[in-house]
Amino acid sequence: MTFEPKIVGFLCNWCSYTGADLAGTSRIHYAPNVRIIRVMCSARIDPTFVLKALHDGADGVLICGCHPGDCHYSEGNYKMMRRYPLLKRLLADYGIEDARVRLEWVSASEGQRFADIVNDMTERVRELGPSPVQRDLISDAAER
Amino acid sequence: MDDMKIGVYVCNCGTNIAKVVDCDAVAEAASALPGVAVARSYKYMCSNPGQEMIVSDIAEQGLDRIVVAACSPRMHEPTFRKALQQAGVNPYYVEMANIREQCSWVHDDAPAATDKAKALMRAAVLRVARHDALERRSVDMDPATLVIGGGIAGMTAALDLADAGSQVYLVEQSDHLGGNVARVDLTAPYLDSARDMLTERLTRVVEHPRISVVLEGEVEEVAGFVGNFTARIVGRDEERRPVETTVGVGNVIVATGYKEFDARRITHYGYGKLPNVITSFELEKMLRAGRVETKEGKPPQYVAIIHCVGSRNPEFNSYCSRVCCMTALKYAHEIKSAVQGVYVSDIYVDMHAFGKGHEDFYRRTSEVKTLFLMYDKGDSPVVRRADPGDDCGMLIEVNEKLSGETIEIPADLVVLMVGMEARDDSERVAHLVNISRDKDGWFIESHPKLDPVATTTDGVFIAGACQAPKDIPDSVAQARAAAGRILARISRGRLEIDAMYAEVDEDKCSGCRVCNDLCPYVAIEFDEEKKKSHVISALCKSCGACVAACPSSAITALHFTDAQIFAEIEGVLL
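Keep in mind that this is a model prediction, so the values were computed, not measured.

Caption draft 1: Examining the overall build of chain A more closely. The helix and strand inventory of chain A stands at five helices and four strands. Here chain A has a C-alpha radius of gyration of 15 Å; the compact-globule value for 144 residues is 15 Å, and the two agree. Across its three principal axes, chain A shows a C-alpha extent of roughly 50 × 35 × 20 Å. Burial statistics for chain A: of 144 residues in total, 57% are counted as buried. A sequence separation of at least 24 residues applies to 84% of the contacts in chain A between residues at least 6 apart.

Caption draft 2: Inspection of the packing of helix H2 (residues 47–55) of chain A against helix H15 (residues 562–573) of chain B at higher detail. The contact between H2(A) and H15(B) brings their axes to 9 Å, and the two run at 25°. As judged from the angle between their axes, H2(A) and H15(B) are roughly parallel. Crossing of H2(A) against H15(B): the hand is right-handed. On H15(B), the residues that touch Phe49(A), Lys52(A) and Ala53(A) of H2(A) are Ile565(B), Phe566(B) and Ile569(B). Each residue belonging to the contact of H2(A) with H15(B) can be placed in one class, and the counts come to five nonpolar, no polar and one charged.

Caption draft 3: Inspection of the sheet that holds strand S3 (residues 65–70) of chain B at higher detail. Residues and elements named next belong to chain B. Across the sheet, four strands lie side by side as S2-S1-S3-S4; this open sheet has parallel pairing. This sheet does not close on itself; its edge strands, each paired only once, are strand S2 (36–42) and strand S4 (94–98). Recorded for the sheet is a direction-independent mean angle of 15° between the axes of neighbouring strands. The sheet contact formed by strand S1 (residues 6–11) and S2 spans six bridges and is parallel. Paired with Ile 6 across the strands is Val 36, a residue of S2. Helix H3 (residues 73–86) contacts S3 and S4 of the sheet and is inclined by roughly 150° relative to S4.

Caption draft 4: Spatial organisation of the environment of Glu104(A). Mapped onto the secondary structure, Glu104(A) falls in strand S4 (residues 101–105). Taking the C-alpha atoms as reference, Glu104(A) lies 14 Å from Arg83(A); in sequence the two are 21 residues apart.

Caption draft 5: Representation of the domain arrangement of chain B. Domain assignment breaks chain B into domain 1 (6–136), domain 2 (145–258 + 422–495), domain 3 (261–420) and domain 4 (502–557). One C-alpha centre belongs to domain 1 of chain B, the other to domain 2 of chain B, and the line joining them spans 39 Å.

Caption draft 6: Local environment of the pairing of strand S1 (residues 7–12) of chain A. Residues and elements named next belong to chain A. Of all the six residues making up S1, six are buried; the element is thus mostly covered by neighbouring parts of the structure. Side chains Ile 7, Gly 9 and Leu 11 of S1 all project onto a buried face; the interleaved residues Val 8, Phe 10 and Cys 12 project onto the opposite face, where all are buried too. The sheet contact formed by S1 and strand S2 (residues 34–39) spans six bridges and is parallel. What sits directly across from Phe 10, in S2, is Ile 37.

Caption draft 7: View of helix H6 (residues 152–163) of chain B. Residues and elements named next belong to chain B. When the terminal C-alpha atoms of H6 are compared, their 16 Å separation across twelve residues agrees well with the 16 Å that a helix rising 1.5 Å per residue should span. Across the twelve residues that make up H6, a large majority, ten, are buried. Residues of H6 that are buried include every one of Ile 152, Ala 153, Gly 154, Met 155, Thr 156, Ala 157, Ala 158, Leu 159, Leu 161 and Ala 162, and no others.

Caption draft 8: Region of interest: the sheet that holds strand S19 (residues 371–374) of chain B. Residues and elements named next belong to chain B. Across the sheet, which stays open at both edges, the five strands sit in the order S16-S23-S17-S18-S19 with parallel pairing between neighbours. Looking at the sheet topology across the chains shown, the edges are occupied by strand S16 (277–279) and S19. For this sheet the average axis-to-axis angle between neighbouring strands, irrespective of direction, equals 20°. Relative to strand S23 (residues 413–418), strand S17 (residues 302–309) is paired through five bridges, and the arrangement is parallel. Bridge pairing links Val 303 to Leu 413 in S23. Sheet contacts for helix H9 (residues 324–338): S17, strand S18 (343–348) and S23; angle to S17, the most-contacted strand, approximately 170°.

Caption draft 9: Fine view of the confidence of the model for chain B. For chain B, mean pLDDT is 95; residues scoring 70 or higher make up 100% of the total. For this predicted complex, the interface confidence comes out at an ipTM of 0.96, alongside a pTM of 0.77.

Caption draft 10: Just the packing of helix H1 (residues 23–31) of chain B against helix H5 (residues 110–128) of chain B, in detail. All names here are of chain B. At a minimum axis distance of 9 Å, the contact between H1 and H5 shows a crossing angle of 35°. Crossing hand, H1 versus H5: right-handed. When H1 is examined against H5, the residues Ala 25, Val 26, Ala 29 and Ala 30 are found in contact with a partner set consisting of Thr 114, Ala 117, Lys 118, Met 121 and Val 125. Class assignment of the residues belonging to the contact of H1 with H5 gives a composition of seven nonpolar, one polar and one charged.

Caption draft 11: Just helix H4 (residues 111–128) of chain A, in detail. Residue and element names in this part refer to chain A. Over its 18 residues, H4 runs 26 Å from end to end, which matches the ideal 26 Å to within 8%, given 1.5 Å per residue. Buried within H4 we find Gly 111, Phe 114, Ala 115, Ile 117, Val 118, Met 121, Thr 122 and Val 125. Each buried residue of H4 lies within a common arc of 160° when the element is viewed along its axis, so the set occupies one face. Where H4 is buried, its residues contact S1, helix H1 (16–25), S2, strand S3 (60–65) and S4. Among the residues trailing H4, Gly 129 stands out with phi positive, at a value near 85°.

Caption draft 12: Representation of unusual backbone geometry. A cis amide bond links Ala188(B) to the next residue, Pro189(B), at an omega of -5°. Along the chain, Pro189(B) turns up in the loop between strand S8 (186–187) and strand S9 (192–193). Phi angles above zero are rare outside glycine, and Arg27(A) is one such case at about 55°. The phi torsion at Arg240(B) lies on the positive side, around 65°, for a residue other than glycine. Mapping Arg240(B) onto the fold places it in the loop between strand S12 (228–236) and strand S13 (242–249). For Arg240(B), a count of 8 C-beta atoms within 10 Å translates into the label exposed.

Caption draft 13: How the structure looks around the interface of chain B and chain A. On the chain A side, the residues contacting the 41 residues of chain B number 39 residues. Contributions of two or more residues to the side of chain B that touches chain A are made by helix H4 (100–104), H5, helix H14 (545–549) and H15 of chain B. By residue number, the principal contributor to the side of chain B that touches chain A is H15(B), which donates eight residues. Across the side of chain B that touches chain A, the residue classes tally to 20 nonpolar, eight polar and 13 charged.

Rules and cut-offs
Residues numbered from 1 in each chain as written. Chains lettered and ligands numbered in written order. Predicted model: local features only at pLDDT ≥ 70, side-chain atom pairs only at ≥ 80, totals over all residues. Helix = DSSP H or I, 4+ residues; strand = E, 2+ residues; numbered from the N terminus. Rg over C-alpha atoms; globule rule 2.2 N^0.38 Å. Buried ≥ 20, exposed ≤ 12 C-beta atoms within 10 Å, placed from the backbone. Contact = placed C-beta atoms within 7 Å. Axes fitted to C-alpha atoms, helices over the stretch in contact; angles between N-to-C directions. Parallel < 35°, antiparallel > 145°, perpendicular 65-115°, else oblique. Left-handed = near helix turned anticlockwise from the far one by under 90°. Nonpolar A, V, L, I, M, F, W, Y, C, P; charged D, E, K, R; others polar. Pairing = 2+ DSSP bridges. Domains from an automatic or database assignment. Expected span 1.5 Å × (residues − 1). pLDDT = per-residue confidence, 0-100. Arc of directions from axis to C-beta.

Given below as structure tokens:
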């Protein structure tokens, strides 16, 4: 049986969540691996959400916000954009591969783009295999 | 959570959800979760019986939280919040799991889609258990309205609003009102004069005591929120110097219209090179002047009309521009009245005669000897200069679809039915009022069928061809609908807005002021005496930027708390 990754998606309400809805109303099919959590703005995404998702068993985390310049709150996505490199540095220190956490801009009209991103990310995370976090958690527990 | 009584309702949406997701299995999985007292699967949760089911379960079983696994919350969250309110439960005690747009419509693997639906349902159950009762806030509704665009849609909306007693600021970019309709002679299918129709509107708009018209105007900025926008408008005074005014409005109508397709982009029609190849708007000009003639000043013997110029063509615009077919038939009629003995050929892809009176108009026009030639979308005709010996100025080669033959027809005047396109400034306008555009640049409505007038930004409405190609009756209908929606709100005086905003826990606030500059709405104030920050809730739009940034975790986003989002993360990964 092939490994089916579990990916948690944090999507902003105004652009990306609406874009994902558009993929639905347009009947654009994509991989069923991403489970979406809606936030009002990508700026609301606390890095701890990503860490919590990885800790709780996610093999990947997808963050989607409005394209730069298109934020419903004018500049929330820039805040996410600035936070993201710090988060990635931290994740690298933890040994979490780059492709497991991804930031993408998806507008309300980009249903196809959302589907393409989900498919691509699912494929890459599937290639990486299960998250090392789970493996480490299990071995830590065994040592204790 | 165990002391809670959560009701979970799995909507089949007819077969929209049930044909892929096993709704009974999702309900069964729900009933196993702690705190879940009732779990049902039902055909249409948004229907009256569906909502009544929730209301009566609340009454009979004492449910205190509700999860509806159905469509997108962007679609029916307000519906179910109302149902809870009706049942006497705080409307924020409902959470939706989006198992239609995110499952049944995008996955065909039924077991995988069902698993995902269960995960989304679990997340909603865990989340709703952590919901707080919130009180909706109400804000004053400024009765004035800003209308951007002085075409037929903008003027009509302005008149309806002003007639009902509201102040309207009508801002038009050009130096006159009337928009694209002002460029038209007669209108299809009843052949009424566009000028007569417009004159009535124009006179009333200009003379109306409650409409301020700003010509050569630009809206530079729209700030604030529904009920209380402030708009900065730049117009010109008598010496044509720029004059800036700032007005307060409760609502905004965007009616910026369309631009015509640039016919030069299709090179094999020769527009811009062959002098007697003209666009539909150039023909309108001739018709208005009452003289249809070639560049050489002679009445044409042969006129050819080519449809779908820039429309229904994947290379340019894939959509239909909706007005060109009837307009082309109108031209055939008008050209024949204007030029004695002229031969008119009409070169079309499909004849779209969808509107009221259109099919009759098509029949009448086809009876008066117009030569109809059908071409294939992917195989458009080619226009070239005629040879010196020919009795016509140009020749058009058409691969006629019905006969299967290549036909060459003569023409002295070729009329290109140019389609509609989103205006070049549509991106700027979208930013200005914070609305979205689709892939073709048209503004996106709140719901394509049930709410084609509102947008995703509360208080901003769209009317006319800025949303998609439209004829005059449809533009007018949408304009009047937008005005009606706004009047309904104005009449209530105050407007209920979402209860979500951010709150600072002053006990936790260290006074670092990181949040102060982050807020795009300047909604966070620093109390110099207490050395603490606090949120002015009326200004807060609940983006949550400050919440994620606070190093002391002192800020809470109501309805998007850390605890609620953590619960969702746990739920989707269960």
